[in-house]
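A closer look at the structure
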Amino acid sequence: MSQFKIYHNPRCSKSRQTLALLEENAVDLEVIEYLKTPPTVKELKQVIALLKIEPLQLMRKNEDEYKQAGLDDKSLTKDQQIALMVAYPKVIERPIVIGQGKAAIGRPPESVLEII
């Protein structure tokens, strides 16, 4: 079993840079293309807890799906926000690296070095 996971979007330059950085550092890594295999509600809740952020902070607010999914609705609960991120994974910030009980967003890519 891999020690680390990266929620990766190969079309994203930051995600590609983060993946390359992890590979350069010989990290035992499971690559999850989250647009093809979205995280479950449980997994996303775990990621948010590890990052110590609110669900809204994990969203890409400039994606068309953000408004289409109604994620700009201020009355949504955290559980509703998470469920919509699972349904519309394109709005999830990327890349996310988790492992050893920690998580980091690869923006900038070097920020993931703090958890390996």
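No experiment lies behind these values; they were computed from the predicted model shown.

**Some words on the pattern of salt bridges**
For the structure shown, the criterion picks out eight salt bridges. Taking the shortest distance from any N to any O, the salt bridge between Glu 33 and Lys 36 comes out at 3.4 Å. A salt bridge links Arg 60 to Glu 93; its shortest N-O distance comes to 3.0 Å. Here Glu 93 lies in the loop between α4 (78-87) and β3 (96-99) and Arg 60 lies in the loop between α2 (41-51) and α3 (64-68), a separation of 33 residues in the sequence. Residue Arg 60 shares its accessibility class with Glu 93, and that shared class is buried. Residues participating in the shared-partner salt-bridge network are Arg 60, Glu 63, Glu 65, Lys 90, Glu 93 and Arg 107.

**A few points about the sheet that holds strand β2 (residues 29-33)**
Whether parallel or antiparallel, the strands of a sheet pair through hydrogen bonds between backbone atoms. Strand order across the open sheet formed by four strands is β2-β1-β3-β4, with mixed pairing between neighbours. Where the open sheet ends on each side, the last strands, each with one partner, are β2 and β4 (102-105). Each adjacent strand pair in this sheet contributes to an overall mean axis angle of 15 degrees, direction not counted. In the sheet, β3 pairs with β4 via four bridges, with the strands oriented antiparallel. Bridged to Val 97 within β4 is Ala 104. Strand contacts of helix α1 (residues 13-24): β1 (4-8), β2 and β3, with the helix running at about 160 degrees to β1, the strand carrying the most contacts. α2 rests against β1, β3 and β4 of the sheet, and its axis sits at about 85 degrees to β4.

**What to know about the nonpolar core**
Core analysis: the biggest nonpolar cluster contains 22 residues, and Leu 58, Leu 71 and Met 85 have the highest contact counts within it. Broken down by secondary-structure element, the contributors of at least two residues to this core are α2, α4 and β3. Apart from residues no more than four positions distant in its own chain, Leu 71 is found in contact with Met 59, Tyr 66, Leu 76, Gln 81, Leu 84 and Val 91. Phe 4, Leu 19, Val 112 and Ile 115 belong to the second largest nonpolar core, which has 10 residues in total.

**Thoughts on α2**
Looking at α2, one finds that the buried residues are Leu 44, Val 47, Ile 48 and Leu 51. End-on, the buried residues of α2 take up no more than an arc of 95 degrees, which puts them together on one face. Facing away from the buried side of α2, by more than 90 degrees, are the exposed residues Lys 42 and Ala 49. Taken together, the buried residues of α2 touch β1, α4, β3 and β4. Lys 52 lies just past α2 and shows a positive phi near 60 degrees.

Conventions used here
Residues numbered from 1 in each chain as written. Predicted model: local features only at pLDDT ≥ 70, side-chain atom pairs only at ≥ 80, totals over all residues. Heavy atoms only, no water. Salt bridge = Lys/Arg side-chain N within 4 Å of Asp/Glu carboxyl O. Helix = DSSP H or I, 4+ residues; strand = E, 2+ residues; numbered from the N terminus. Buried < 20%, exposed > 50% of the residue type's maximum accessible area, 1.4 Å probe, protein only. Pairing = 2+ DSSP bridges. Axes fitted to C-alpha atoms, helices over the stretch in contact; angles between N-to-C directions. Contact = heavy atoms within 4.5 Å. Core = buried A, V, L, I, M, F, W, Y, C linked by side-chain atoms within 4.5 Å. Arc of directions from axis to C-beta.

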